Amino acid sequence: MASSATAAAAAFISTKLITQQSSDLPPSSPTPTNKLSFLPTPSNNSASFKLLYAPYRNRSSPPVLNVLKTAVESASISFSDPTPLRDSILTPPKPTILVSEKLGEAGLQLLRTFANVDCSYNLSPDDLCAKISLCDALIVRSGTKVTRQVFQAAQGRLKVVGRAGVGIDNVDLQAATEFGCLVVNAPTANTIAAAEHAIALLASMARNVPQADASMKAGKWQRNKYVGVSLVGKTLAVMGFGKVGSEVARRAKGLGMNVIAHDPYAPADRARAIGVDLVSFDEAISTADFISLHMPLTPATSKIFNDETFSKMKKGARIINVARGGVIDEDALVRALDSGTVAQAALDVFTEEPPPKDSKLVQHENVIVTPHLGASTKEAQEGVAVEIAEAVVGALKGELAATAVNAPMVPAEVMSELAPYVVLAEKLGRLAVQLVAGGSGIQSVKVVYRSARDPDNLDTRLLRAMIVKGIIEPISISFVNLVNADFTAKQKGLRISEERVFVDSSPEYPVDSIQVQISNVQSKFASALSETGNISIDGKVKYGIPHLTGVGSFSVDVSLEGNLILCRQVDQPGMIGRVGNILGESNVNVSFMSVGRTAKRIKAIMAIGVDEEPDKDTLKKVGEVPAVEEFVFLEL
Ligand SMILES: NC(=O)C1=CN([C@@H]2O[C@H](COP(=O)(O)OP(=O)(O)OC[C@H]3O[C@@H](n4cnc5c(N)ncnc54)[C@H](O)[C@@H]3O)[C@@H](O)[C@H]2O)C=CC1
Ligand SMILES: O=C(O)C(=O)COP(=O)(O)O
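Residues numbered from 1 in each chain as written. Chains lettered and ligands numbered in written order. Predicted model: local features only at pLDDT ≥ 70, side-chain atom pairs only at ≥ 80, totals over all residues. Heavy atoms only, no water.

- In the annotation of an unreviewed UniProt entry, the entry for the protein chain reads D-3-phosphoglycerate dehydrogenase, and the organism field reads Coffea arabica.
- Comment text from UniProt for the protein chain, heading Subcellular location (unreviewed entry), reads "Plastid, Chloroplast". (UniProt positions renumbered as here; feature names shortened; annotations may be inferred.)

Spelled out as structure tokens, the structure:
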């Protein structure tokens, strides 16, 4: 094989390996691109590579070693034609998705078109922690506990947790947010299945179906023992009038029941529309013959059904729970069943799943049970699988998830409109922080959005997150995204305030300009300080491209691409040429140049966009031009 082709392929492989390093290494690792190098050694029919990894030699962290191992293994690829190699190199490496519980086939197929899918069911907590640092996404149902330890073990690689269902009480949301990991769920596809299961339990409990079935299978014929109660005309209290609760209510109405509901957050008109009255908690539980639970498990609903609440129930009430076991104090329920306060209970969910074999509750003769089957219909499982697969793939592609649980949901149309402003926001944050003199702690950042839009029509959460990203990432090892931006800012003691100023421009554009101010700090470029003493920079989007339009009290106009040199000088002719020449002599390409001044022939600043990073000597020469009073090089 021609050695030039070998060399080309070698270069491709190097690029690929380096790219892989970037995504595989934990965020605290040194930037791999400048720490690892690959020496191509062309030979006849194969390319071999010598891996130089001196900076890692003494590091024993398993992910780093794994990465090096993968790199070494894949570096000895044989090839005869570099073209397929080039194609594979241009395609980014496939992400890995771990599916830790049974998921519908349609969802798995969808995942496989985009990622390597590892279906490993029944992992122990330790096994899950061991695997997770090699995964970009994790898909679970209710049986996997996604704890803080799991996020810690992921070492920054896990980007999204998908819950193939509704309840996310098995995921530590706070930890997910702190680690910048998005959590998405599949909130709609199993609603009907859960509602149908609640109705199935309601009817079977009222007519003792499971007990009668077991008795017949034991050879008995006990017609008098299993006399039931009728549903028609009885009052059903639906506790939690959300998706499942309202479907249960609708079905119970069809059975001729009188339905009331309690839900502190549900709109009364939605309930009235299906003939249901929303009532207080106490009224619901004290008047109902049947009480069906459909609220989420939260700190506020944990054990909300306890000795006190059971004592307020109508004597002989019957309870159905298809929500979460933890909303009931199970010991208190056993007491209420023993005393007859509660006549029967039909339970699909338990505090501990599976419950202990000798559980008094499960064994109680007036209790019927199913092993968390609410969502287990073929239809619901295919539905949640596709719903979660789409959400996880979308999230891995960087799209904002419509079912995000721990991040603001930004509709697609808002997202596409804000896209260029998102880039502007991050770049302004990056520039502003680089203007801070070393040693000054940043505490207070103010963002001013000038816009012709009504404040209600301008969602700034995404822009704020990107400014925080721009400010924090250059000065720390933190990885900031929409999920953890507010948390990270708070943790670093950064106060971000926002102000919206109406400007008489076109409301067609969401934002006219963005200003980032950092107060109470010294600046390494004094001209970046505004009259109030804050570092202040302004930017706009022009023709879809972010521009820097203001530095301190100077107006400039330079597109924010490449890097930037800011120079303050005495306003006099010939300055652009002189600085331009110095850069040109060092082969630094100037992409943009703009001069802003306070007063004619007094003081001006020059903003120079450069494609390359000038070396120290070149920057020194810029600083030595007699009229230059100060300058700073800023990386975008
Ligand atoms: N057993 C199973 O297999 C399944 C269980 N579920 C569980 O059912 C529950 C409901 O699911 P969805 O209806 O889809 O959720 P949802 O979010 O649509 O409805 C929950 C409702 O509970 C209300 N709520 C919150 N706090 C409350 C309180 N203190 N008192 C009364 N209501 C309160 C909310 O306002 C909301 O309207 C969840 O816990 C979910 O995990 C859902 C599907 C299947
Ligand atoms: O969606 C829910 O909240 C459920 O409880 C269903 O749980 P599962 O996915 O069947 O483990």
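**Some words on the side chain of Arg568**
For step 1, the next point in the chain: For Arg568, the location among the structural elements is in strand E21 (residues 563-570).
For step 2, the next point in the chain: According to the relative accessible area criterion, Arg568 is buried, its value standing at 16%.
For step 3, the next point in the chain: A distance of 3.1 Å separates the side chain of Arg568 from the side chain of Ser527, its partner in a polar contact.
For step 4, the next point in the chain: If sequence neighbours within four positions are ignored, Arg568 has contacts with Phe525, Ala526, Ser527, Lys603, Ala604, Ile605, Ala627, Val628, Glu629 and Glu630. (Helix = DSSP H or I, 4+ residues; strand = E, 2+ residues; numbered from the N terminus. Buried < 20%, exposed > 50% of the residue type's maximum accessible area, 1.4 Å probe, protein only. Polar contact = N/O pair within 3.5 Å; in protein donor to acceptor, adjacent residues only side chain to side chain. Contact = heavy atoms within 4.5 Å.)

**Looking at the site of ligand 1**
For step 1, the next point in the chain: Taken together, 25 residues sit near ligand 1, with Lys243, Val244, Asp263, Val322 and Asp348 positioned nearest.
For step 2, the next point in the chain: In this structure, a nitrogen atom belonging to ligand 1 sits 3.0 Å away from a main-chain N or O atom of Val322.
For step 3, the next point in the chain: For ligand 1, the protein covers 87% of the area, taking 850 Å² as the surface of the free molecule.
For step 4, the next point in the chain: For the shell around ligand 1, the residue count by class is twelve nonpolar, nine polar and four charged. (Near = heavy atom within 4 Å. Areas by Shrake-Rupley, 256 points an atom, 1.4 Å probe, with all protein chains shown as cover. Nonpolar A, V, L, I, M, F, W, Y, C, P; charged D, E, K, R; others polar.)

**Brief notes about helix H14 (residues 330-339)**
For step 1, the next point in the chain: Regarding H14, the residues found buried are Ala332, Leu333, Val334, Ala336 and Leu337.
For step 2, the next point in the chain: Residues of H14 that are buried sit in contact with helix H13 (307-311), strand E12 (317-321), strand E13 (342-347), helix H15 (360-363) and strand E14 (367-369).
For step 3, the next point in the chain: For H14, the side-chain oxygen to backbone nitrogen distance between the N-cap and Asp331 is 3.2 Å, and the N-cap itself is Asp329.
For step 4, the next point in the chain: Just downstream of H14, Gly340 is the residue with a positive phi angle, here 85 degrees.

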